[in-house]
Amino acid sequence: MALAAETQSIVNQFEYTDDDVNKGVKEFLRQMAEGLEKDGTSLSQIPTYVTGVPNGTEKGLYMAVDLGGTNFRVCSVKLNGDGTFNITSDKVAVPKALMVAKTAEELFAFLALQIKKFLEKHHGDHFEAHIRRRMTVSSPEGYKDENVFRMGFTFSFPVQQMGINKGTLIRWTKGFDIQDAVGKDVCALLQQEIDKLHLPVKVAALVNDTVGTLMAHSYGAPGSHGAVLGAIFGTGTNGAYVEKLSNVKKPMVGEYDTSTGEMVINTEWGSFDNQLNVLPNTPWDVVLDKQSVNPGFQMYEKRVSGMFLGEILRLVILDLLKNPDVSFLKDDNSSTNDLRSTTDIAETSSIFQQWGVDSSILSVAAGDHTPALTLLRKGLDDNLQIHAAAYEDAQAIKSVADAIGRRAARLAAVAIAAIVLQTGKLNDPAHKDEPIDVGVDGSLVEHYPYFREMIHEALSIVDGIGKEGAKRIRIGLAEDGSGVGAALIALVAAGMEKNTTDAEEILGELRSTAKAQAAASVDDEKATSD
Ligand code: BGC
């Protein structure tokens, strides 16, 4: 009984009421406006220099790479021009040591090497042909420009963008920490390593994964006028949306096309309300933040995304274990267990290590509707070496895990609601009754049971949205933002550079021809005078 009462009191602390949701939305809108006015605010609102979303007719072969939270992925994408695409991709885990390497070069050299391996494996012919064509007059040090792959670089960390393929790292998130890279242009860092390996690849576009998601969802969303928001709820969380150019008040340094009157904004909402004006703050949130590599930052992300939910649960479990007034994961509850005779936590259980509890256990808990919570108890046994947990123990863990997951989903709704309201689409007479498309990706939306349903439920109580508005908000899984989305941005970027490239190429060719003719006439003169 004591355990049930204690659990209830913990669950109550994770309660995020309808009133909290509405307060959250108002503050989110306020911080969005602030971020559009000046730099250095908690919602960074970064202009991406992408000024429109695709309509599905785009065509061509592009490369895309993605450095996310855990893996590095290399792909080539053939856009077919009818909303469909073919993708070839390889993925490797980023070695933990490289996430906290001393120098940026160590990480980026590893990335370039994976690109080389990919090209050799999947584009061997193309690669060879490039090498044969290398020494052309127009590109003496390598490849003819049109044979160089344009590549979108999905780099899912906060970057101050200065142009479509230029941006300096503001700070690392998600456990990465390479101080040497902070303040440097990440596209240049990658291009340098690519050039060292003489690969026919140009980093054409710098892409946040949320921007890729937005683009991919607009390319593929059936009969839509383009998605309004691309969002990730995975290891980290963030969103990118289409803003009116006239609302972007802070200065932008790079070139961009003004004809659409729009600019895609990377909100970096992981850092929404770092000052904790409205975010909930339980004792476990406090400890998690204190022990993280970036205390005081990514405060919203630390309550919403996959990297952190398991850790919050772990901290609660540790507290329950230490509490002398409750019997939790102790033998006296094991009379009803059916896995082993005695409850036991292995000394080496990852429950005792920071980040030791993967958020996937929350999905197991949420999806376990068996009367004896058999799935969760098996999960505890297999993944955390918590052997033979009693039903009561599993029930306590499930209640807390569900409360953490539900709070995360309702917080996710705060960001989505604020952005939908900001776009004004709900009240736009030109698009009356049309669906409002939101493309989402990431492990939570893919695997956490009812995450999207819980978001929807919360959207329907937001002032200015309501039940009717919520029905129009269509939250769809975006197909491969970091692949096809990044390729689409590389295509946009290639278009932007085309005029200059053509001119440079023609001029270069003319110069070389002139030089060659001059040299030949000198030789001729020499020959005649000899
Ligand atoms: C990063 C964002 C990214 C998000 C989702 C956050 O930690 O700051 O740039 O979009 O994770 O991957």
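- Per an unreviewed UniProt entry, the protein chain goes by the name Phosphotransferase and belongs to Parathielavia appendiculata.
- Under Pathway (unreviewed entry), UniProt gives the following word-for-word description of the protein chain: "Carbohydrate degradation; glycolysis; D-glyceraldehyde 3-phosphate and glycerone phosphate from D-glucose: step 1/4."
- Quoted verbatim from the Sequence similarities (unreviewed entry) field of the UniProt record, the comment on the protein chain reads "Belongs to the hexokinase family."

### Some thoughts on the sheet that holds strand E4 (residues 85-93)
Argument step 1. Across the sheet, five strands lie side by side as E4-E3-E2-E5-E8; this open sheet has mixed pairing. In this open sheet, the two edge strands, each paired with only one partner strand, are E4 and strand E8 (201-207). On average, each strand axis in the sheet is inclined to that of its neighbour by 20 degrees, with strand direction left out of account.
Argument step 2. As paired strands, strand E3 (residues 71-80) and E4 are joined by nine bridges and run antiparallel to one another.

### Here we look at the packing of aromatic side chains
Argument step 1. If you walk through the whole model with that rule in mind, you get 17 aromatic pairs.
Argument step 2. On the basis of an interplanar angle of 55 degrees and a centroid distance of 5.1 Å, the ring pair of phenylalanine 155 and phenylalanine 157 is categorised as tilted.
Argument step 3. Between phenylalanine 157 and tryptophan 172, the ring centres sit 5.0 Å apart and the planes meet at 75 degrees, which makes this aromatic pair edge-to-face. Here the residue phenylalanine 157 occupies a position in the loop between strand E5 (149-155) and strand E6 (159-163), and tryptophan 172 occupies one in the loop between strand E7 (166-169) and helix H6 (186-196), the gap between them amounting to 15 residues.
Argument step 4. A relative accessible area of 1% places phenylalanine 157 in the buried class.
Argument step 5. Through a chain of ring-to-ring contacts, the aromatic side chains of Phe28, Phe233, Trp269, Phe272, Tyr300, Tyr448 and Phe451 assemble into a single cluster.
Argument step 6. The ring of phenylalanine 157 has lysine 174 sitting right over it, with the charged end atom 4.8 Å from the ring centre.

### Let's talk about the site of the ligand
Argument step 1. Surveying the vicinity of the ligand reveals 15 residues, the closest of which are Thr173, Asn208, Asp209, Glu268 and Glu301.
Argument step 2. The side chain of threonine 173 places a nitrogen or oxygen atom 2.8 Å from an oxygen atom of the ligand.
Argument step 3. One of the side-chain nitrogen or oxygen atoms of asparagine 208 is found 2.8 Å away from an oxygen atom of the ligand.
Argument step 4. Contact with the protein chains covers 98% of the free accessible surface of the ligand, which is 310 Å².
Argument step 5. Among the elements of the structure, helix H7 (209-220) and strand E10 (237-244) are those that each provide at least two residues to the shell around the ligand.

### Structural notes on the environment of glycine 220
Argument step 1. Within the fold, glycine 220 resides in helix H7.
Argument step 2. Overall, the relative accessible area of 44% leaves glycine 220 in the partly exposed class.
Argument step 3. Remark: the alpha-carbon pair of glycine 220 and alanine 478, spanning 258 residues in sequence, is separated by 8.2 Å.

### What to know about the nonpolar core
Argument step 1. Within the largest apolar cluster, 122 residues are counted, with the highest numbers of intra-cluster contacts made by Phe28, Phe233, Trp269, Phe328, Phe451 and Leu459.
Argument step 2. Those residues in contact with phenylalanine 451 that sit more than four places away from it in its chain are Phe233, Gly405, Ala408, Ala409, Ala412, Leu444 and Val445.
Argument step 3. If you look at the next biggest cluster of nonpolar residues, it comprises 38 residues, including Leu111, Phe153, Leu199 and Val203.

### A look at the pairing of E5
Argument step 1. Within E5, seven of the seven residues are buried, which leaves it mostly tucked inside the rest of the structure.
Argument step 2. Residue alternation in E5 divides its side chains into two sets, Phe149, Met151, Phe153 and Phe155 and Arg150, Gly152 and Thr154, and both sets are buried.
Argument step 3. In terms of strand pairing, strand E2 (residues 59-67) meets E5 through five bridges, oriented parallel. In the strand pairing of E5, leucine 67 is matched with phenylalanine 155.
Argument step 4. Here E5 pairs with E8 via six bridges, running parallel. In the sheet register, arginine 150 faces E8, and the bridge partner there is lysine 202.

### Overview of the pattern of salt bridges
Any two side chains of opposite charge can pair, given that their charged atoms come close.
Argument step 1. This model, assessed by the stated rule, comprises 23 salt bridges.
Argument step 2. In this structure, lysine 23 engages aspartate 19 in a salt bridge whose closest nitrogen and oxygen atoms are separated by 3.4 Å. In this pair, lysine 23 and aspartate 19 are both assigned in helix H2 (residues 18-37), four residues apart and thus about one turn of the helix distant.
Argument step 3. Residue class for lysine 23 comes out partly exposed when judged on its relative accessible area of 47%.
Argument step 4. Judged by its relative accessible area of 47%, aspartate 19 is partly exposed.

### Notes on the sheet that holds E10
Argument step 1. Strand order in the open sheet made by the six strands is E1-E11-E10-E9-E14-E15, with mixed pairing throughout. On the outer flanks of this sheet lie strand E1 (46-47) and strand E15 (473-477), each paired with one strand and no other.
Argument step 2. Both strand E14 (residues 436-441) and E15 contribute to a ladder of five bridges, which runs parallel. When the bridges of E15 are listed, aspartate 437 appears paired with arginine 474.
Argument step 3. The strands touched by H7 within the sheet are strand E9 (229-233), E10, strand E11 (262-266), E14 and E15, with E9 carrying the most contacts at an inclination of about 130 degrees.

How each quantity is defined
Residues numbered from 1 in each chain as written. Predicted model: local features only at pLDDT ≥ 70, side-chain atom pairs only at ≥ 80, totals over all residues. Heavy atoms only, no water. UniProt positions renumbered as here; feature names shortened; annotations may be inferred. Pairing = 2+ DSSP bridges. Helix = DSSP H or I, 4+ residues; strand = E, 2+ residues; numbered from the N terminus. Axes fitted to C-alpha atoms, helices over the stretch in contact; angles between N-to-C directions. Phe/Tyr/Trp six-rings, centres within 6.5 Å; stacked < 30°, edge-to-face > 60°. Buried < 20%, exposed > 50% of the residue type's maximum accessible area, 1.4 Å probe, protein only. Lys NZ or Arg CZ within 6 Å of the ring centre and 35° of its normal. Near = heavy atom within 4 Å. Polar contact = N/O pair within 3.5 Å; in protein donor to acceptor, adjacent residues only side chain to side chain. Areas by Shrake-Rupley, 256 points an atom, 1.4 Å probe, with all protein chains shown as cover. Core = buried A, V, L, I, M, F, W, Y, C linked by side-chain atoms within 4.5 Å. Contact = heavy atoms within 4.5 Å. Salt bridge = Lys/Arg side-chain N within 4 Å of Asp/Glu carboxyl O.

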